[in-house]
Amino acid sequence: MSAPTTAEAAPPAGGGSDPVDLAGLPVRPAPHPLRWAAGAVVAVLAAMFLNMLVTNPAWKWDVVAEYMFAESILNALWLTVRLTVYGTVIGFAIGGVLALMRLSRSPLLAGVAWVYVWAFRSIPLIVQLLFWYNLAILYDRLSFGIPFGPAFVTFPTMELISPMTAAVLGLALHQAAYAAEIVRSGVLSVDQGQREAAAALGLPRGRQVRRIILPQAMRTIMPTAGNEVIGLFKGTSVVYVMALGELFYRVQVIYNRTGDVVPLLMVATLWYIVLTTLLSVAQFHVERHYAKGSVRVLPPTPLQRLRSAGEALARRTARGGPAPRGGTP
Amino acid sequence: MSTPMVEVRGVHKSFGALEVLRGVDLTVGAGHVTAVLGPSGSGKSTLLRCVNHLERADRGYVAVDGELIGYRRGRGVLHELRERQILRQRAAIGFVFQNFHLFPHLTALENVVEAPRFALRRPAAEVEAEARALLDRVGLADKADVHPRRLSGGQQQRVAIARALALRPKVLLFDEPTSALDPELVGEVLDVIRDLAAAGTTMVVVTHEIGFAREVADTVVFMDGGRVVESGPPAQVLDAPRHERTRAFLDKVL
Ligand SMILES: Nc1ncnc2c1ncn2[C@@H]1O[C@H](COP(=O)(O)OP(=O)(O)OP(=O)(O)O)[C@@H](O)[C@H]1O
Ligand SMILES: [Mg+2]
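Note that the structure is predicted; figures quoted are calculated from it, not measured. Numbering of residues begins from 1 in every chain and follows the order in which that chain's sequence is written. Written order decides the labels, with chains lettered from A and ligands numbered from 1. Whole-chain, interface and lining totals are the exception, using all residues; otherwise, since this is a predicted model, local features are given only for residues with pLDDT of at least 70 and side-chain atom pairs are given and counted only at 80 or more. Think of the side-chain values as coming from all heavy atoms in the structure, minus any hydrogens and water.

A closer look at the overall build of chain A
Helix numbers and strand numbers start at the N terminus; a helix is a DSSP run of H or I with at least 4 residues, a strand a run of E with at least 2. In terms of regular secondary structure, chain A is built from 14 helices and two strands. Residue burial in chain A is summarised as follows: out of 329 residues, 33% are buried. Only heavy atoms enter the contact rule, under which two residues are in contact if any of them lie within 4.5 Å. Sequence separation of 24 or more characterises 66% of the internal contacts of chain A that already satisfy a separation of 6 or more. If you sum the accessible surface of chain A, you get close to 19800 Å²; carbon and sulfur atoms cover 67% of it. Relative accessible area decides the class of each residue, using a 1.4 Å probe on protein chains only: under 20% of the type maximum gives buried, over 50% gives exposed, and in between gives partly exposed. For accessible areas, the Shrake-Rupley method is used with a probe of radius 1.4 Å. Any residue's cover is judged against the shown protein chains and nothing else.

Below, the structure written as structure tokens:
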């Protein structure tokens, strides 16, 4: 580098030093001593925490390892995942319809949607689940036919509403009430001008909603919806009241037999953490997708950020000097 | 005289107790450009919005190319049209907003393609070729795949004009198309409108650009307090206004 000796001097005031040379100088990033201090504190705390987990034999990590991938646990996990997927998909489908009803100009539709949301937000999920589970006590046969008229087909309630059906029904209907409010807030967050522009172009109603309003509403919907899905995923554990073999029910059954309460709870916890992490990653990418066009430049993904930080560090250590201006591309 | 392209008769509109339009009449001949001037709050935007039925007039009617907008004439009554029919009518009326209202999640090209494709159901290939030609016409051929947020205000407004043109409307309505723009970007949008005027497009332009109105408009309409105070050729309304209020307004803006 051909930095002149005058580089350390003040900016060119009269005509002494050459402005081109100053413009070409590398930039030394501002120091962040507090960040380093905070980082050190966090590192020490994390080390203490890990030490606590590893050195205490009461955690019985061997038992955890034994059950982590046991077939019964994996089957239970699969059921939990299925319940989550059904609850999410059906819940948000119904919720979306409810939100549109609530926003429609028809007072009847809006009223019905409001009552639904009110009712299903008022009833605790566990009560609702038990209610569906016990539907057979109220009505032992279910028929499909003309209202108040003859029935075409009739089923025994017990057969139609299995514990699995009852669980999915309960979770989905419960989720729908919350999803309706999330979708509605998303739609309300879209600038009024967007709907007006779509209407002025003569786009059909359905197209306005699907192509113009909902994709923009997703920006607002996604963060809350992500919360809801993760909540539902862990919330599926309440279906243990119906003796359905999902993850939480299964570990209870096992530790009641073996007595290894803590290790088995740890197995469940680890699986909940793993899947929640996957969901969070998925959420990040979906959000990024819907940010398209809403921000001028998309923020980098954590991977990209890690990579560019690594490259910057490598460059700095290689040169032994400050990073060049402009950072990484 | 043949049927006018746009005919507004006795339109009244109130928002609650506020009477915004108090009986507006307006006639725009085919291929003519009408500039609407008037102080803020005089009801210019509301009038434009009544023309394509974004606002429903309380009284009076609007017809475009002889077709009643928003209603069907019955015996002694006007039947309100269904939303679907109104949407179909709107496709014949281009609207350009002050704040563009481009769809931010769609590229410039997708913005232009959307309406002819899904409001008029025209074939994709044909629509896309035409959309590219329109973007070229407003000088943005190279921005087809860019999202609106990455365009300057003037470029966004030109995409919005291309989007409105894509429906091959019978009339184009502009609501202060340059008011949201930095001064140096106004010219590029006015140039596009000027070209459209030269090509014989029927337009109603609400504007505060008096010079532009003088140059491009066939008719200048001055509105105040929800009424048309006077209208006529630019030379008459702008240079020799008959009404005191027109004179006062022009003194202020010139
Ligand atoms: N949806 C609405 N609800 C209530 N009042 C409204 C509504 N739209 C417009 N107004 C009122 O109607 C009056 C006329 O509004 P309009 O937008 O038509 O004026 P304008 O002539 O376009 O003014 P500007 O030059 O500021 O755009 C204003 O007083 C405004 O506050
Ligand atoms: Mg206005």
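Next, the rest of the story.
Things to note about the overall build of chain B
Within chain B, the secondary structure is distributed over nine helices and twelve strands. Across its three principal directions, the C-alpha atoms of chain B cover 50 × 50 × 40 Å. The proportion of buried residues among the 254 residues of chain B is 55%. Long-range pairs, those at least 24 residues apart, make up 63% of the contacts in chain B with a sequence separation of at least 6. Carbon and sulfur atoms make up 46% of the accessible area of chain B, which totals about 11300 Å².

Quick notes on helix 11 (residues 205-235) of chain A
An expected span of 1.5 Å times one less than the residue number is assigned to each helix. Over its 31 residues, helix 11 of chain A runs only 36 Å from end to end, short of the ideal 45 Å by more than 12%, given 1.5 Å per residue. Two axes are fitted around each residue, one to the seven residues ending there and one to the seven starting there, and the angle between them is reported as the bend at that residue. Ile221(A) marks the point of greatest bend in helix 11 of chain A, at about 50°, and the proline Pro223(A) comes within the next four residues.

A closer look at the packing of aromatic side chains
Each Phe, Tyr or Trp ring (for Trp, its six-membered ring) is paired with any other whose centre lies within 6.5 Å, and the angle between the two planes then decides the class: stacked below 30 degrees, edge-to-face above 60, tilted in between. Going through the model one piece at a time under the given rule, you end up with nine aromatic pairs over all chains. Centre to centre, the rings of Trp59(A) and Trp61(A) are 6.1 Å apart; their planes meet at 20°, and the pair counts as stacked. Only when the NZ atom of a Lys or the CZ atom of an Arg is both within 6 Å of the ring centre and within 35 degrees of the ring normal do we say a charge sits over the ring. In this structure, Arg207(A) is placed above the aromatic ring of Phe118(B), and the distance from its NZ or CZ to the ring centre is 3.4 Å.

What to know about the pairing of strand 9 (residues 171-175) of chain B
Residues and elements named next belong to chain B. Within strand 9, five of the five residues are buried, leaving the element largely enclosed by the surrounding structure. Residues Val171, Leu173 and Asp175 of strand 9 are buried on one face, and the alternating residues Leu172 and Phe174, pointing to the opposite face, are buried as well. Of the strand pairs in this sheet, strand 8 (residues 93-96) and strand 9 are connected by four bridges, and their pairing is parallel. Bridge pairing in strand 9 links Phe95 to Leu173. For two strands to pair, DSSP has to find at least two bridges joining them. Of the pairings in the sheet, the one linking strand 9 to strand 10 (residues 203-206) comprises four bridges and is parallel in character. If you follow Asp175 over to strand 10, its bridge partner there is Val206. Each parallel crossover has a hand, and the one from strand 9 via helix 6 (residues 183-198) to strand 10 is right-handed. If the strands point away from the viewer and the path from the first strand over the helix to the second runs clockwise, then the crossover is right-handed.

A closer look at the site of ligand 1
All names here are of chain B. We call a residue near a molecule or strand when any one of its heavy atoms sits within 4 Å of it. Around ligand 1, the surrounding shell holds 13 residues, and the nearest of these are Ser40, Gly41, Lys44, Ser45 and Thr46. Here a polar contact is taken to be a pair of N or O atoms separated by no more than 3.5 Å, where protein atoms must pair a possible hydrogen donor with a possible acceptor and residues adjacent in sequence count only if both atoms sit in side chains. In this structure, an oxygen atom belonging to ligand 1 sits 3.0 Å away from a main-chain N or O atom of Gly43. Contact between ligand 1 and Glu176: an oxygen atom at 3.0 Å from a side-chain N or O atom of the residue. Protein contacts shield 60% of the accessible area of ligand 1, which totals 630 Å² for the unbound molecule. Elements with a contribution of two residues or more to the shell around ligand 1: strand 2 (18-28) and helix 1 (44-51).

Things to note about the nonpolar core
Here the nonpolar core consists of buried residues drawn from Ala, Val, Leu, Ile, Met, Phe, Trp, Tyr and Cys, with membership extended through side-chain atoms lying within 4.5 Å. Among the nonpolar cores identified, the biggest contains 53 residues, and Val8(B), Leu21(B) and Leu173(B) are the most heavily contacted of them. Ranked by residues supplied to this core, first place goes to helix 11 of chain A with seven residues. Not counting the four nearest positions on each side in its chain, Leu173(B) is found in contact with Leu48(B), Val51(B), Asn52(B), Ile93(B), Gly94(B), Phe95(B), Val96(B) and Val204(B). If you look at the next biggest cluster of nonpolar residues, it comprises 38 residues, including Val96(B), Leu140(B), Ala164(B) and Val216(B).

Focus on the sheet that holds strand 11 (residues 219-224) of chain B
By way of backbone hydrogen bonds, the strands of a sheet pair with one another, either parallel or antiparallel. Residue and element names in this part refer to chain B. On the basis of which strands lie adjacent, the open sheet formed by six strands has the order 8-9-10-3-11-12 and mixed pairing. With one partner strand each, in any of the chains shown, strand 8 and strand 12 (227-232) form the two edges of the open sheet. In this sheet, adjacent strand axes meet at a mean angle of 20° when their direction is disregarded. Examined bridge by bridge, strand 3 (residues 33-37) and strand 10 share four bridges and lie parallel to one another. If you follow Val33 over to strand 10, its bridge partner there is Met203. Structural elements are reduced to axes, namely lines fitted to C-alpha atoms, with helices fitted over the stretch in contact, and the angle between N-to-C directions of any two is expressed from 0 to 180 degrees.

So, unusual backbone geometry
The backbone of Lys60(A) shows a phi angle near 50°, a positive value even though the residue is not glycine. Counting through the fold element by element, Lys60(A) comes out in the loop between helix 2 (33-55) and helix 3 (61-68). Judged by relative accessible area, Lys60(A) falls into the partly exposed class, the value being 35%. The phi dihedral of Phe100(B) is positive, around 65°, even though this residue is not glycine. If you trace the backbone, Phe100(B) turns up in the loop between strand 8 and helix 3 (108-118). Looking at Phe100(B), the relative accessible area reads 11%, which means it is buried.

Structural notes on helix 4 (residues 124-137) of chain B
Residues and elements named next belong to chain B. Compared with an ideal rise of 1.5 Å per residue, which puts 14 residues at 20 Å, helix 4 spans 20 Å between its outermost C-alpha atoms and is within 8% of the ideal. Where helix 4 is concerned, the buried positions are Val127, Ala131, Leu134 and Leu135. Around the axis of helix 4, the buried residues are gathered within 95° of arc, so they sit on the same side. Residues of helix 4 that are exposed and point over 90 degrees away from its buried face: Ala125 and Ala129. Packing partners of the buried residues in helix 4 comprise helix 3 and helix 5 (153-165). Our arc is simply the arc of the directions from the helix axis toward the C-beta atoms.

Overview of the UniProt feature "transmembrane region" (unreviewed entry) in chain A
Residue and element names in this part refer to chain A. Residues given the UniProt feature "transmembrane region" (unreviewed entry) here are residues 36-59, 79-101, 108-133, 153-174, 229-249 and 261-282. Within the segment residues 36-59, helix and strand shares are 83% and 0% respectively, and the terminal C-alpha atoms sit 33 Å apart. Secondary structure content for residues 153-174 is 73% helix and 18% strand, while the C-alpha to C-alpha distance between its ends is 28 Å. UniProt positions are given in the numbering used here, feature names are shortened, and annotations may be inferred rather than shown by experiment.

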